[in-house]
Amino acid sequence: MKIVFIINPAAGNGRALKRWRRFEKTIQFPFEQVVTTYSGHALAIAANYRESKQVALLIGFGGDGTLREIIAGAAGSEKLIVGSIAAGSGNDFGRAYGTFTDAQVIEQFLHKPLPKRQDLGEFTNGKAFQFVSSSGIGFDAEISISVNRSPLKKKLNQLGLGKLVYVVYVIRTLLKFEKFTLSVKCDGNLVTYKDVWLATVNNQPYFGGGMKISPSSKTDDGLLELTVVHKFPV
């Protein structure tokens with residue numbers, strides 16, 4: 001089985017590549033490595049392996065976004081196994097699905113590989129998008145979009161202060177956010193929620209860097225859970 005590490009150098013507030021250089025020195029088995037260079041690159045890499053029908057273990061060295069791309073690219077393949085090394089800032093993926101803690105654990109897995117099928121969520125908005133852990137709208141989504149587009153994030157990452165940008169945008173978004181009305185239709189029943197702050201569909205319990213927003217969610221039960229936060233006073 002081919003072992004491929006897919007490294008996102010921007011993960012962990014820009015510190016993942018340095019972590020990889022240290023981790024690489026501990027590996028005692030043959031492997032290949034690919035460093036991503038743009039958003040969507042990990043998805044393209046995994047999709048290429050899926051289309052080539054190679055037998056491989058793809059290990060994402062990054063955060064939740066990196067793993068989402070790899071899994072979306074590999075989904076449906078009978079030849080690929082996806083694993084992870086938690087090197088992001090949130091790492092909710094590792095909390096629910098598990099993660100390799102070091103190179104020795106990977107080597108033990110290779111001696112007796114026991115992969116497990118997991119659910120993959122999907123939503124459509126003109127085109128289909130896959131999600132692994134959760135997908136949502138509202139307050140938290142607006143913060144994430146603002147942070148990812150902010151030039152301040154890169155500057156603070158360089159100083160090792162990347163998490164401060166979230167504090168800035170939480171405050172800014174709180175001051176201007178407009179609550180909304182959400183209608184949900186399930187099994188023919190329509191439910192309307194007013195004064196909604198956020199709504200998230202979960203495939204696992206955690207989101208936002210360890211918050212257990214959906215405790216009953218399981219990664220392999222064929223179900224997704226919806227959490228709606230509404231009529232919440234500030």
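Scroll up to find the structure.
Here the structure is a predicted model, which means the values were calculated and not measured.

Focus: helix α2 (residues 16-24)
Consideration 1: Taken residue by residue, α2 has Ala-16, Trp-20 and Phe-23 as its buried positions. Taken around the axis of α2, the buried residues stretch over an arc of 65°, which confines them to a single face. Summarising the geometry of α2, the exposed residues directed more than 90 degrees from the buried face are Lys-18 and Arg-22.
Consideration 2: As for α2, its buried residues are in contact with β1 (2-7), α1 (11-14), β2 (32-35), β3 (56-62), β4 (80-86) and α6 (103-111).

Section: a positive patch on the surface
Consideration 1: Where like charges cluster on the molecular surface, the positive patch consists of Arg-15, Lys-18, Arg-19 and Arg-22.
Consideration 2: Here Lys-18 is to be found in helix α2.

What to know about the pattern of salt bridges
Consideration 1: Scanning all chains against the criterion turns up six salt bridges.
Consideration 2: The salt bridge involving Arg-50 is made with Glu-51; its shortest N-O contact spans 3.6 Å.
Consideration 3: The exposure class assigned to Arg-50 is partly exposed, which follows from its relative accessible area of 28%.

Topic: unusual backbone geometry
Consideration 1: Even without a glycine there, the phi angle at Asp-187 is positive, about 55°.
Consideration 2: Positive phi outside glycine occurs at Asp-195, with the angle close to 55°.
Consideration 3: Positionally, Asp-195 belongs in strand β9 (residues 189-202).

The rules we used
- Residues numbered from 1 in each chain as written.
- Predicted model: local features only at pLDDT ≥ 70, side-chain atom pairs only at ≥ 80, totals over all residues.
- Heavy atoms only, no water.
- Buried < 20%, exposed > 50% of the residue type's maximum accessible area, 1.4 Å probe, protein only.
- Helix = DSSP H or I, 4+ residues; strand = E, 2+ residues; numbered from the N terminus.
- Arc of directions from axis to C-beta.
- Contact = heavy atoms within 4.5 Å.
- Patch = residues over 30% accessible without salt bridge, like charges linked within 9 Å, V, L, I, M, F, W, Y side chains within 5 Å.
- Areas by Shrake-Rupley, 256 points an atom, 1.4 Å probe, with all protein chains shown as cover.
- Salt bridge = Lys/Arg side-chain N within 4 Å of Asp/Glu carboxyl O.
- Lys, Arg positive; Asp, Glu negative; His and termini not counted.
- Charge placed at Lys NZ, Arg CZ, Asp CG, Glu CD.

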